[in-house]
Every structure is written in C-alpha cells, then in structure tokens.
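As a plain string of letters, each chain reads:
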Amino acid sequence: MKPAPFDYVAARSVEEATALLAEGGGAARPLAGGQSLVPLLNFRLIEPARLIDITRLRALDHVTETAHGLRIGALTRHRTIETSSILRRHLPIVAHAMTQVGHLAIRNRGTAGGSLCHADPAAEWPMLALLLDARITALSREGRRAIAARDFFRGPLSTALAPAELVSEIEIPALPAGAVWGFEELARRAGDFALCAAGVVLAAQNGRCSAARIALAGVGGTPLRASAAEALLLGETLGPGVIAAAADAAAAASDPPDDLHGSAAYRRHLAAVLTRRALAAAARDLA
Ligand code: FAD
C-alpha cells in the first residue's frame, strides 16, 4: 500500500523541530529512521498531515560519558550503539542487545529515540531503558522534562509523550560497581522481533546479591520490570535454586499476548527459561 498524502518538512534545528511540532497540533509526526513509521504510513495505520524530518539534527546524534553515566542522543543509530567503544566499555549489555535488532540495514537507519517512541513491547530499547533505570528527555516549545522509563511506556505503541514533544536524549545512570549482566532472546528467525527477551543486571558484596534488576520484552503490553523476582535475589547467594525461583517469579509477573507468533503459555515458559539463563550467565561472571 501507499501512504495517504502528507506534507514534508526537514527541520534545520531542534528549536525549529519543536516549533513545527507545536504548530502541527498533533497532526505532525517526527520522522527519524523511518523503520517503524514508514510501514505504519504504508498500511495507513496512521495518517499524519505532516512529517517533520529530524535526521539532519546532528545535535541529537551522540554518545556522551558524564560523571554519572551516559547520555545517548535520540538520533543515535542502533548500529552506532552496537559498535560504540563507550557502550562496550560501560554498558556492554546495550551494545550486545543491538545485535538482535532487525537486520543490519535496519540498524543502520533505526534510532534509539525512534524505538523508544514507537514503544513496541517486543523491542529491545524499551526493555533496556526500563532495566537500566533510564530517563528520557522530552523537549517542546514549553521547555524540557525528564521522564523515567518506568513512567514512559503506557501500552503497545503508546507512551507518556505529548504530541508536541520531541525526545532529545536518553540518560542512563552508571551501574553499581562490579555489576554484571545477562541478555537472552528468542525470535522465530534471525532479525525478527523477539518472542521474548530477558535482560538482567546483578551485583554482589561478600558473596551475596546486593543489586538485582530483571526486565522482559515480548510478554505484555509494555516491557516489564520483574520487581518481585528481583526481591527474591537480594541478600542471597546466587545458586541454581534461588535463580530458578526468581525466573519463575518473573514469568508469573508476565501477561503475554496469545497470537499467531506464539501462545501466551509458550511465551510465559520462555520468560522463565530466558530469565534463568540470563541470571545464570550473569551469576557466573560474579564468581
Ligand atoms: P521512526 O520509524 O522514524 O519513528 C517511529 C515513531 O517514533 C514515529 O511515531 C515517530 O514519529 C516517532 N519518533 C521518532 N523519533 C522521535 C523523537 N526523537 N521524538 C519523538 N518522536 C519520535 N526493532 C527492534 O527493537 N527489534 C527488532 O527486532 C526489530 N526488527 C525490525 C525488523 C524490520 C523488518 C523492521 C522494518 C523494523 C524492525 N525494528 C525492530 C524496528 C526498528 O528498530 C526501528 O528502527 C525502530 O522501531 C524505530 O526507530 P526509527 O528511528 O526508525 O523511528
């Protein structure tokens, strides 16, 4: 199919982009990598009156180290993040997870901000943002606000962003000292969206778990942070028994869809298996 007719403007600055979005009054949409927006247009699932092309806004394309963590510009491509030496040093889980996003051609165009704003519950970026306690900066003509990832995702393809807001960057706080990670994903074919993905971060002191984070993608309307499962790990020695109990608790907290890609029961089973594997891999690195 072909999109409904729309007007196209290439913004020359962030200020111009936010002014154009405000002027559009909800009928204008930013165009970043176009890897999700263009299919939606082609299927006429959305019919915006105007596209604001933000791909020339170099100020939004960066990976920056700060005293407290990292800032990633909204226009930073998945492939840039996958290959960034800064990400590989400070947040290798993010660089690794990017290898699972679609195919190389998609990763060369798709952006971190576009993925967060598209808010596909099976996508890697929303799950990583939740796992890493990220804050998402939104700009509008009225100013700037930071939205915690836990408040950003409202449902499938739905976020807390107002129509006139432009995401400018993602702030990711530094992980606890000595933190290790695990990431497991299953898709039907290489490059497909995940049927389920699990990301974990662990830290330990004196042989006992001092920090535990578990997030899942593909098993609900939004990415899921498995808080009850995290609580089971804190203060424990991370052996197979406690890891299995936490993985089961993570799966129990999920509310997976039942569709042609997989039944809800299968996805819940995957949530337990992938969480257990991710936790076991991370725990091995703690030893
Ligand atoms: P666009 O498509 O340009 O925009 C997406 C939405 O976000 C639009 O509503 C747009 O208006 C809005 N938007 C974009 N940038 C901003 C901004 N800065 N501020 C406010 N709103 C903004 N993704 C995965 O995570 N995992 C996968 O396995 C995967 N597989 C894919 C396979 C195929 C075949 C395809 C075509 C895509 C796949 N994707 C996958 C999607 C891909 O990651 C997209 O890049 C991503 O979802 C959207 O990023 P984009 O930059 O292309 O955004």
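Residues numbered from 1 in each chain as written. Predicted model: local features only at pLDDT ≥ 70, side-chain atom pairs only at ≥ 80, totals over all residues. Heavy atoms only, no water.

Colleague: I keep staring at the packing of aromatic side chains and nothing clicks. Help me out?
Modeller: Centre distance and the angle of the planes are the two values used to describe a pair of aromatic rings. The final tally for this structure, using the stated rule, is one aromatic pair. For the pair Phe152 and Phe153, a centre-to-centre distance of 5.1 Å together with 85° between the ring planes defines the contact as edge-to-face. Each member of the pair Phe152 and Phe153 is classed as buried. (Phe/Tyr/Trp six-rings, centres within 6.5 Å; stacked < 30°, edge-to-face > 60°. Buried < 20%, exposed > 50% of the residue type's maximum accessible area, 1.4 Å probe, protein only.)

Colleague: How should the environment of Ala211 be read in this particular structure?
Modeller: The residue Ala211 is located in strand E13 (residues 208-217) in this model. Residues Ala211 and Asn42, spaced 169 residues apart in sequence, show a C-alpha to C-alpha distance of 45 Å. Not counting the four nearest positions on each side in its chain, Ala211 is found in contact with Pro176, Val201, Leu202, Ala203 and Leu234. (Helix = DSSP H or I, 4+ residues; strand = E, 2+ residues; numbered from the N terminus. Contact = heavy atoms within 4.5 Å.)

Colleague: What exactly am I supposed to notice about the nonpolar core here?
Modeller: Across soluble globular proteins, nonpolar side chains show a tendency to be buried alongside one another. Counting 41 residues, the largest nonpolar core has Leu87, Val94, Trp125 and Leu132 as its most contacted members. Taken domain by domain, this core gets at least three of its residues from each of domain 2 (58-173) and domain 3 (180-286). Residues within four places of Leu132 in sequence aside, it is in contact with Leu91, Ile93, Val94, Ile172, Pro173, Leu175, Val201 and Arg213. Leu216, Leu224, Val242 and Leu279 belong to the second-largest nonpolar core, a separate cluster that totals 29 residues. (Core = buried A, V, L, I, M, F, W, Y, C linked by side-chain atoms within 4.5 Å. Domains from an automatic or database assignment.)

Colleague: Help me understand a nonpolar patch on the surface in this model?
Modeller: Together, Met1, Phe43 and Leu45 make up an exposed nonpolar region whose accessible area comes to about 410 Å². Assignment of secondary structure puts Phe43 in the loop between helix H2 (37-42) and strand E3 (50-53). For Phe43, a relative accessible area of 56% puts it in the exposed group. (Patch = residues over 30% accessible without salt bridge, like charges linked within 9 Å, V, L, I, M, F, W, Y side chains within 5 Å. Areas by Shrake-Rupley, 256 points an atom, 1.4 Å probe, with all protein chains shown as cover. Salt bridge = Lys/Arg side-chain N within 4 Å of Asp/Glu carboxyl O.)

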